[in-house]
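Remarks on the overall topology
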Amino acid sequence: MNWGMKNRLSRIINPKTGRCVMLAVDHGFFQGPTTGLRNLGKTINPLIPYADALMITRGAIRNWIPPEMDKPIILRVSGGTSILKELSNEKITTAIEDAIRINATAITCSVFIGGEYERQSIENLGYLVDEGRKYGIPVLSVTAVGKEMARDARYLGLASRICVEIGADIVKTYFCDEFEKVVEACGNIPVVIAGGKKTPEKDALEMAKNAISKGAIGVDMGRNIFQSDKPIGMIKAVRAVVHENKEVEEAFKIYQDG
Ligand code: 5RP
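Residues numbered from 1 in each chain as written. Predicted model: local features only at pLDDT ≥ 70, side-chain atom pairs only at ≥ 80, totals over all residues.

1. Here's the deal with helix α12 (residues 248-257)
- Three or more residues of α12 are buried, namely Val248, Ala251, Phe252, Ile254 and Tyr255. Down the axis, α12 shows its buried residues gathered within 155° of arc, on one side only. Those residues of α12 that are exposed and angled more than 90 degrees off the buried face are Glu249 and Asp257.
- Looking at the buried positions of α12, the neighbouring elements they touch are α9 (201-213) and α11 (231-244).
- Just past α12, the residue glycine 258 takes up positive phi, approximately 70°. (Buried ≥ 20, exposed ≤ 12 C-beta atoms within 10 Å, placed from the backbone. Helix = DSSP H or I, 4+ residues; strand = E, 2+ residues; numbered from the N terminus. Arc of directions from axis to C-beta. Contact = placed C-beta atoms within 7 Å.)

The structure is reproduced here in structure tokens:
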């Protein structure tokens, strides 16, 4: 791995803990003005000091995030679909040159294993890995789950391993029973979990705790943080679980204290 690639990864994954809390706010690229992100800057700017990295699109960052922001950017460079259509029909929508202009620390796209456009989405990942390699920019691959797909270790393990084989540097997937099998399928490639739909805060913390205990290096969480009634408390609580190995009850208290 070249120096630039290592340096970028170590800006995202804290070298002291080997863990990371990414804040995912890229939902608008396919679901429009998601609850909590209608005025993205108002919700997200106060949370940035507590995030290790921000997963976002180029349009959102230019609209709502001040360029003085010093956290690493994981730039969503794919899109072309909406919740109204077949989601797997995704394309790369942002050139690597624009990712570099934005000073992205990593780039990301989704892979739709089992989706109608499975092959196209795998090709997107391969293209990004090649582009990223040219400039030392790591690629985070999201294992998107289609409507028909079970979120189990067999399916998520399959999807995650394909991302690894195509060359992803970080895999983002969902927590499931026997999650350790998904992590094992990824070899040395770090795995983070998405938060998924908003659930009660304690459940989301429990899921983060379980994921870490089964080998995830952190979370790339969105709605369970920015849709919380106490988003700052919630991101602090998630940090406590991820970076300090706090128990769920302790972390929940951090959330409650806001
Ligand atoms: C969509 C994404 C989102 O960033 C991801 O779903 C994370 O957000 P959440 O924790 O709200 O699920 O990658 O493909």
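2. Focus on the site of the ligand
- Ala24, Ala194, Gly195, Gly222 and Arg223 are the nearest of the 15 residues found near the ligand.
- Those elements giving two or more residues to the shell around the ligand turn out to be β10 (218-221) and α10 (223-226).
- Of the residues contributing to the shell around the ligand, the split by class is six nonpolar, six polar and three charged. (Near = placed C-beta within 6 Å. Nonpolar A, V, L, I, M, F, W, Y, C, P; charged D, E, K, R; others polar.)

3. Structural notes on the environment of cysteine 186
- As for its position among the elements, cysteine 186 is in the loop between α8 (179-185) and β9 (191-194).
- Given 21 C-beta atoms within 10 Å, cysteine 186 falls into the buried group.
- Separated by 84 residues in the primary sequence, cysteine 186 and isoleucine 102 place their C-alpha atoms 29 Å from one another.
- With residues up to four places along the chain from it excluded, the contact list for cysteine 186 reads Ser160, Arg161, Val164, Val171 and Val191.

4. Quick word on the nonpolar core
- If you look at the biggest cluster of nonpolar residues, it comprises 87 residues, and the most contacted ones within it are Met22, Leu23, Val25, Ala237 and Val238.
- Take this core: its biggest share by element is seven residues, from α11.
- Not counting chain neighbours up to four residues away, the residues in contact with methionine 22 comprise Ala51, Asp52, Ala53, Met55, Ile74, Val192, Gly218, Val219 and Asp220. (Core = buried A, V, L, I, M, F, W, Y, C linked by C-beta atoms within 7 Å.)

5. As for the pairing of β9
- Neither face of β9 is open: one carries Val191 and Ile193, the other Val192 and Ala194, and all of them are buried.
- Pairing geometry for strand β8 (residues 170-173) and β9, over three bridges, is parallel. Looking across to β9, one finds that valine 171 is bridged to valine 191.
- Handedness of the β-α-β unit built from β8, α8 and β9 comes out right-handed.
- Inspection of the sheet shows β9 paired to β10 by three bridges, in the parallel sense. Opposite isoleucine 193, over in β10, you have valine 219 as the bridge partner.
- Taken together, β9, α9 and β10 form a β-α-β motif whose crossover is right-handed. (Pairing = 2+ DSSP bridges. Right-handed = clockwise from strand over helix to strand, strands pointing away.)

6. What about helix α6 (residues 118-135)?
- Here α6 is 18 residues long and its end C-alpha atoms lie 27 Å apart, about the 26 Å a rise of 1.5 Å per residue gives.
- The complete set of buried residues in α6 reads Ser121, Asn124, Leu125, Leu128, Val129 and Gly132. Buried positions in α6, seen along its axis, are confined to an arc of 135° and lie on one side of it. Turned more than 90 degrees from where α6 packs its buried face, Arg119, Asp130 and Lys134 sit exposed. (Expected span 1.5 Å × (residues − 1).)

7. Considerations on the sheet that holds β10
- The eight strands are arranged β1-β2-β3-β6-β7-β8-β9-β10 in a closed barrel whose pairing can be described as parallel. The sheet shows a mean angle of 25° between the axes of neighbouring strands, direction not considered.
- As paired strands, strand β1 (residues 20-24) and strand β2 (residues 53-57) are joined by three bridges and run parallel to one another. Bridged to methionine 22 within β2 is alanine 53. (Axes fitted to C-alpha atoms, helices over the stretch in contact; angles between N-to-C directions.)

8. Things to note about the packing of α9 against α11
- Put simply, α9 and α11 touch, their axes get as near as 9 Å, and they point 25° apart. In terms of axis orientation, α9 runs roughly parallel to α11. Read as a crossing pair, α9 and α11 show a hand that is right-handed. Contact residues: α9 offers Glu201, Leu205, Ala208, Lys209 and Ile212, while α11 offers Met234, Ala237, Val238, Val241 and Val242.
- For the contact of α9 with α11, a count of residues per class yields eight nonpolar, no polar and two charged. (Parallel < 35°, antiparallel > 145°, perpendicular 65-115°, else oblique. Left-handed = near helix turned anticlockwise from the far one by under 90°.)

9. A word on the packing of α9 against α12
- For the pair α9 and α12, the least separation of the axes is 10 Å and the interaxial angle reads 135°. Looking at the two axes, α9 sits oblique to α12. For the pair α9 and α12, the crossing hand works out as right-handed. Together, Glu201, Lys202, Leu205, Glu206 and Lys209 of α9 and Val248, Ala251, Phe252 and Tyr255 of α12 make up the contact between the two elements.
- Of the residues assigned to the contact of α9 with α12, the class counts are five nonpolar, no polar and four charged.

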